[in-house]
Structures are given as structure tokens and as C-alpha cells.
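Listed below, chain by chain, are the residues.
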Protein chains: 2
Amino acid sequence: MVYVKREQSDENREALLATASRLFRERGIDGVGVAEIAREAGLTHGALYAHFRSKGDLATEAFSQGLARSREAFRGKSARREHSVLGYLDYLLSPQRCDEPGVSCPMTASASEIGRHGKDISAQFAKGFQDKASAFEAVLDDAIPEAERHRLAMTIVAAEIGAMAAARAVAKSDPSLSDEISKAVHAVLVKASKGH
Amino acid sequence: MVYVKREQSDENREALLATASRLFRERGIDGVGVAEIAREAGLTHGALYAHFRSKGDLATEAFSQGLARSREAFRGKSARREHSVLGYLDYLLSPQRCDEPGVSCPMTASASEIGRHGKDISAQFAKGFQDKASAFEAVLDDAIPEAERHRLAMTIVAAEIGAMAAARAVAKSDPSLSDEISKAVHAVLVKASKGH
């Protein structure tokens, strides 16, 4: 019986993390409460606190899980896309991703919120940021000096985060501007990635 | 007496907008309630609803007022800085601004949140974004073809928004990465702004 209980407990934990991760991206960490997360995951409020000490803990773990899934989708073995600056930017700045904050990168979905929360979620963001920058650094032209490649990679990630946040921010009032922002940033980053 | 009352009413409205604008930037639109805004402005909850129909209305007006102040600080006549890409980026990506979300540009402070709110605040963001991009477009090298200048200007604004959000997000856990992000984006944008 202990085995079955543990399995159920793991499933509950996974359900809570997946629900929290989606809702935090869609509505913000401060925009959704733990009671609602538990309810949407089909569990009780008490069950949630059996797994996570606080909302902050849940947010940090959900953010970390979202980053891991996003990493897998972005650069994992199963990702059937060209591993190049262009291939990555086509994926990250697509209109489809703009429409789906709940399943896209949690750094992009929650960029301006993380600074208001704790040190643990900040550390997850730092890890995610460096990881994504490394992915770009690895596909940038070798001919570019290393220090410049590093700066370029960080700038590409920052610009992608800002572009997606801005594209989403203006989408309700000006869909064509939203589109224009993603396309402009895509074009300029592709050009800048050539490093000359 | 009507005159005095109107003056007092205008002052109350200004106090509510200034307080809301600062608190929304510091803690997010969903991170602060109207009761607290009224209290910090030294007014009652009821007084707030005499001026604004809803929290959404207050958020939109506070965002708009914050944008106007930020615009004045950034490119107004009183701004004692060089009107150039470098002058603008020195100002926008300074470490001091990173530490002071409550007084910095509301687009940067709330980037990832605006998409979750209404059409009116989205329209304010669109206006603010285009206005800031125009400021950059005006100081970019005339030798760059117009369409490219336009794309570059939008990319600079998106990258600055993303860089500042990321720099703030990692600051609690990794201050040196925070600094590195601002500096890298600054260097890359200055180079990219030369358009070749």
C-alpha cells in the first residue's frame, strides 16, 4: 500500500506543478491563488500544502519545471528544427508562441514579475537565462571573437524576451504592431548575429 | 467653495495616480489592491471610486501618466543628456534604473503583465512603445535605409525592455549577471545601431 500511496502522491505533485506552471504563465504569479491551483488540479488546498511549504515554493518549482520543459522543446533531441540562430529565432519569435503564454517559456511569460519575488525564483531565472544564452552562443559564428559571441547571445535572449512581452502587451489593441515587433526583432537579430 | 472643492478633488486624483503608478511598477498590477493604494495616498477607498470606475481604469490612467513622466525624463527639454543612441542607452540601461522600478519606465516595469489586462492599457503600451521607438529612430544614422532604421529602433526598445526585466529578475540571486546583461545589451545595441 505504501507503494501505491507514494505513486499517487507523485502524481498529485506533478498535477499541481503542471497546473501552477500554466496558470502562473497565463495570469501571473500574483494573479492566481493557491486555492484555485489546487481546485484546477483536482485536489484540495490541504493536499497542496502537503507538497509545497508556501506559494513561493510552488512558484519556484513550477518555474523550474516550466524552464526544463521549455528547454527540452527548444533544444532537446526531439526538437526537429535547424540548430542555428535562424532556426531558434523562427521558433522563439513565431506568432503562435505569442498567442500561447501558458505553454511558452516561463522567462518570457513572467519576465517583469520575477524581480519582485524571492531569491530562489531569481536563481532559476538566472539559470534559465544563461542556459538559453549558451544555446545561442553555441550556434553563433566561430569567427566572432568569444567575448563578443557571449554578449551577442545574451542580447539575443534579452531582446527575444522583450519582443515577446511587448508583442503580447500590444496584441489586444494593435495586432499589426504586435506582428511588426516580432518580425523587426527577428530580422535585426539575424543580421546582428553575423557579428559584422 | 465649489472652486476649493474642485482643487482638492484634483489634488486627490493626482495623489491617487502617483501612488498607483509607483506601486503598480514596484509590485505589479495584480500585486497591489485598491484599498492599499487609497490608504497610501491618504484617502478612503470610497474617494478612489469617486475618481476611477474600476481598478482597470486606475491602472490604465496610472500607466499613461507614468509613460508621460518617463517620456519627459527621457527626451524632454529638461533632459540634460546627449540626444544620441549612446546617450539614450546610457540612461535607459544604467544600473541605477535597474534598482528603481518604481520610478522607471512603466513599460519596462510591467512588460509581461500588460498582455493579461484590458484593451485600454494595451493601447497605452502600444503608444508608449511607438513613441520610444520614434525617439531612437530620430537619432539613428540617416545613412541607414528608412525601413531598416524603423526595425532597428523597435528592436532597441524591445531589447532594452527585455534587458532591464532580465537584469531585475536575476539581481537578487546573481548581481554580477544582472550587471553583465545590461552591459552586454548596451554594447551590442550601440554596435547594431551603426547599421552595418
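The structure presented is a predicted model; accordingly, all values stated were derived computationally and were not measured.

About the criteria used
- Residues numbered from 1 in each chain as written.
- Chains lettered and ligands numbered in written order.
- Predicted model: local features only at pLDDT ≥ 70, side-chain atom pairs only at ≥ 80, totals over all residues.
- Contact = placed C-beta atoms within 7 Å.
- Helix = DSSP H or I, 4+ residues; strand = E, 2+ residues; numbered from the N terminus.
- Nonpolar A, V, L, I, M, F, W, Y, C, P; charged D, E, K, R; others polar.
- Core = buried A, V, L, I, M, F, W, Y, C linked by C-beta atoms within 7 Å.
- Buried ≥ 20, exposed ≤ 12 C-beta atoms within 10 Å, placed from the backbone.
- Least-squares fit on C-alpha atoms with pLDDT ≥ 70 in both.
- Expected span 1.5 Å × (residues − 1).
- Axes fitted to C-alpha atoms, helices over the stretch in contact; angles between N-to-C directions.
- Parallel < 35°, antiparallel > 145°, perpendicular 65-115°, else oblique.
- Left-handed = near helix turned anticlockwise from the far one by under 90°.

Points about the interface of chain B and chain A
Working step 1: Opposite the 45 residues of chain B that make contact, chain A presents 45 residues.
Working step 2: Elements with a minimum of two residues in the side of chain B that touches chain A: helix H8 (111-114), helix H9 (119-139), helix H10 (146-171) and helix H11 (175-192) of chain B.
Working step 3: The greatest single-element share of the side of chain B that touches chain A, amounting to 16 residues, is contributed by H10 of chain B.
Working step 4: Broken down by class, the residue content of the side of chain B that touches chain A amounts to 26 nonpolar, nine polar and 10 charged.

What to know about the nonpolar core
Working step 1: Core analysis: the largest hydrophobic core is formed by 116 residues, its most contacted members being Ala158, Ala166 and Val185 of chain A together with Ala158, Ala166 and Val185 of chain B.
Working step 2: In this view, Ala166 of chain B contacts Ala111, Phe129, Ala158 and Ile161 of chain A together with Ile181 of chain B; residues no more than four positions away in its chain are not counted.

Describing the relation of the copies chain B and chain A
Working step 1: With an RMSD of 0.0 Å, the operation that places chain B on chain A is a rotation of 180° combined with a shift of 0.0 Å along the axis. Here the copies are linked by what is in effect a two-fold axis.
Working step 2: The residues that chain B uses at the interface reappear at the interface of chain A in 100% of cases, marking a shared surface.

Concerning helix H8 (residues 119-139) of chain A
Working step 1: Taking 1.5 Å as the rise per residue, H8 of chain A with 21 residues should run 30 Å; its terminal C-alpha atoms sit 31 Å apart, in good agreement.
Working step 2: Residues of H8 of chain A that are buried include every one of Ile121, Ser122, Gln124, Phe125, Ala126, Gly128, Phe129, Lys132, Ala133 and Phe136 of chain A, and no others.
Working step 3: Those residues of H8 of chain A that are buried are in contact with helix H4 (55-75), helix H5 (85-92), helix H7 (106-114) and helix H9 (146-171) of chain A together with H10 and H11 of chain B.

Description of the packing of H8 of chain A against H9 of chain A
All names here are of chain A.
Working step 1: Relative orientation of the contacting elements H8 and H9 amounts to 120°, with a least axis distance of 8 Å. In terms of their interaxial angle, H8 and H9 are classed as oblique. When the axes of H8 and H9 are compared, the crossing they make is right-handed. On H9, the residues that touch Phe129, Lys132, Ala133, Phe136 and Glu137 of H8 are Arg149, His150, Ala153, Met154, Ile156 and Val157.
Working step 2: Residue composition of the contact of H8 with H9, by class: seven nonpolar, one polar and three charged.

A closer look at the environment of Met107 of chain A
Residues and elements named next belong to chain A.
Working step 1: Note on placement: Met107 falls in helix H7.
Working step 2: For the pair Met107 and Ser70, spaced 37 residues apart in sequence, the C-alpha separation works out to 9.7 Å.
Working step 3: Not counting residues up to four positions away in its chain, the partners in contact with Met107 are Phe125, Gly128, Phe129 and Ile161.

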